Amino acid sequence: NAGVTQTPKFQVLKTGQSMTLQCAQDMNHNSMYWYRQDPGMGLRLIYYSASEGTTDKGEVPNGYNVSRLNKREFSLRLESAAPSQTSVYFCASSLMNTEAFFGQGTRLTVV
Amino acid sequence: GQQLNQSPQSMFIQEGEDVSMNCTSSSIFNTWLWYKQDPGEGPVLLIALYKAGELTSNGRLTAQFGITRKDSFLNISASIPSDVGIYFCAGRGGANNLFFGTGTRLTVIP
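As the structure is a prediction and not an experimental result, all values here were calculated from the model. (Residues numbered from 1 in each chain as written. Chains lettered and ligands numbered in written order. Predicted model: local features only at pLDDT ≥ 70, side-chain atom pairs only at ≥ 80, totals over all residues. Heavy atoms only, no water.)

The next subject is the overall build of chain B. Counting its secondary structure elements, chain B contains zero helices and 11 strands. In chain B, the succession of helices and strands from N to C terminus is β-β-β-β-β-β-β-β-β-β-β. What you see for chain B is a C-alpha radius of gyration of 13 Å, in line with the 13 Å of a compact globule of 110 residues. Counting only C-alpha atoms, chain B reaches 40 × 30 × 20 Å along its principal axes. Counted over contacts in chain B with a minimum sequence separation of 6, partners at least 24 positions apart contribute 52%. Only carbon and sulfur atoms are counted for the fraction: they give 52% of the accessible area of chain B, which is about 4900 Å². Distance from the positive charge centre (7 side chains) to the negative charge centre (8 side chains) of chain B: 12 Å. (Helix = DSSP H or I, 4+ residues; strand = E, 2+ residues; numbered from the N terminus. Rg over C-alpha atoms; globule rule 2.2 N^0.38 Å. Contact = heavy atoms within 4.5 Å. Areas by Shrake-Rupley, 256 points an atom, 1.4 Å probe, with all protein chains shown as cover. Lys, Arg positive; Asp, Glu negative; His and termini not counted. Charge placed at Lys NZ, Arg CZ, Asp CG, Glu CD.)

Secondary structure assignment for chain A yields zero helices and 11 strands. Counted from the first residue to the last, chain A has its helices and strands arranged as β-β-β-β-β-β-β-β-β-β-β. For chain A, whose C-alpha radius of gyration is 13 Å, the value lies close to the compact-globule estimate of 13 Å for 111 residues. Along the longest, intermediate and shortest principal axes, the C-alpha atoms of chain A span 35 × 25 × 25 Å. Per-residue burial over chain A gives 46% buried out of 111 residues. Taking all contacts inside chain A whose residues are at least 6 apart in sequence as the whole, residues at least 24 apart take part in 54%. When the accessible surface of chain A is summed, it comes to about 5100 Å², and 50% of that surface belongs to carbon and sulfur atoms. The distance from the centre of the 10 positive side-chain charges to the centre of the 8 negative ones in chain A is 7 Å. (Buried < 20%, exposed > 50% of the residue type's maximum accessible area, 1.4 Å probe, protein only.)

This brings us to the sheet that holds strand β3 (residues 19-25) of chain B. All names here are of chain B. One open sheet accounts for five strands, arranged β1-β3-β8-β7-β6; its pairing is antiparallel. Looking along the sheet, the strands with just one partner apiece sit at the ends: β1 (4-7) and β6 (55-58). If you compare each strand with its neighbour and ignore which way they point, the axes differ by 15° on average. Summarising the sheet, β1 and β3 pair through four bridges and their orientation is antiparallel. Each bridged residue has a counterpart across the sheet, and for asparagine 5 the counterpart in β3 is threonine 24. (Pairing = 2+ DSSP bridges. Axes fitted to C-alpha atoms, helices over the stretch in contact; angles between N-to-C directions.)

Residue and element names in this part refer to chain A. Burial of strand β11 (residues 106-110) is one-sided: the residues Thr106, Leu108 and Val110 facing one way are buried, the residues Arg107 and Thr109 facing the other way are not. Two strands pair when backbone bridges link them, and strand β2 (residues 10-13) and β11 are joined in this way by four bridges, in the parallel orientation. Counted as the bridge partner of leucine 13 is valine 110 from β11.

What follows deals with the nonpolar core. Inside soluble globular proteins, nonpolar side chains tend to come together where they are buried. In this structure, Trp32(B), Trp34(B), Leu74(B) and Leu106(B) are the most contacted members of the largest nonpolar core, which totals 22 residues. Only β2 (10-14), β3, β4 (31-37), β5 (44-49), β7 (61-65), β8 (71-76), β9 (85-92) and β11 (104-109) of chain B provide two or more residues apiece to this core. Not counting chain neighbours up to four residues away, the residues in contact with Leu74(B) comprise Val19(B), Ser20(B), Met21(B), Trp34(B), Leu46(B), Ile47(B), Leu61(B), Thr62(B), Ala63(B) and Tyr87(B). Leu21(A), Met32(A), Val66(A) and Phe74(A) belong to the second-largest nonpolar core, a separate cluster that totals 19 residues. (Core = buried A, V, L, I, M, F, W, Y, C linked by side-chain atoms within 4.5 Å.)

Scanning all chains against the criterion turns up two disulfides over all chains. Each sulfur in the disulfide pair Cys23(A) and Cys91(A) lies 1.9 Å from the other. Measuring handedness by torsion sign, the sulfur bridge of Cys23(A) and Cys91(A) sits at about -75° and is left-handed. Note that Cys23(A) is positioned in strand β3 (residues 19-25) and Cys91(A) in strand β9 (residues 87-94), a separation of 68 residues in sequence. Disulfide partner of Cys23(B): Cys89(B), at an S-S distance of 1.7 Å. Pair noted here: Cys23(B) is in strand β3 and Cys89(B) is in strand β9, with a separation of 66 residues, a long-range link. The same class applies to Cys23(B) as to Cys89(B), namely buried. (Disulfide = S-S within 2.5 Å.)

The structure is reproduced here in structure tokens:
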């Protein structure tokens, strides 16, 4: 029962470095999402992909890019990391218009 | 971005007490979801609501989708220590995006 799998679980980057957060789901879901969670802010939507081949901006897309590689995988890329991107990142997936299931999160620190 | 106001921000209750929290939105939603998050984990779905007025239970948890489609509440009856965590509401509009409230941190005192 893998569900939604995120890698890596932890990462430390220097300012200006780039990296890609990986997410894969095995539930045959159409939609996938990337959120960031900061203390006191709840989860804020970065980007989402309603279906394979489409991506849309969420509330806080600046500084990020995404790729919906196929139906299973949705990656989040930071081209030039900044300290303000220190956060916990969650990937989620859902069938269209139903409940979303979350991964375990990636804790990213940018120094 | 979408504004979901969740209250209260935190609660300290005695074991055995009932708990109530709610969420209001500036926009109409088609779906309301309630999640619980434990430290170091991702949010886990508790209850999903798909129709205005719907009242749904999951064990000691009961949630309702407000008639106006702009609010929802979650009740927990007879709280136990493992209810400790952060509870989030989430709403889905027409564009299939999913917005979250800022969370209610629940502490249960044995």
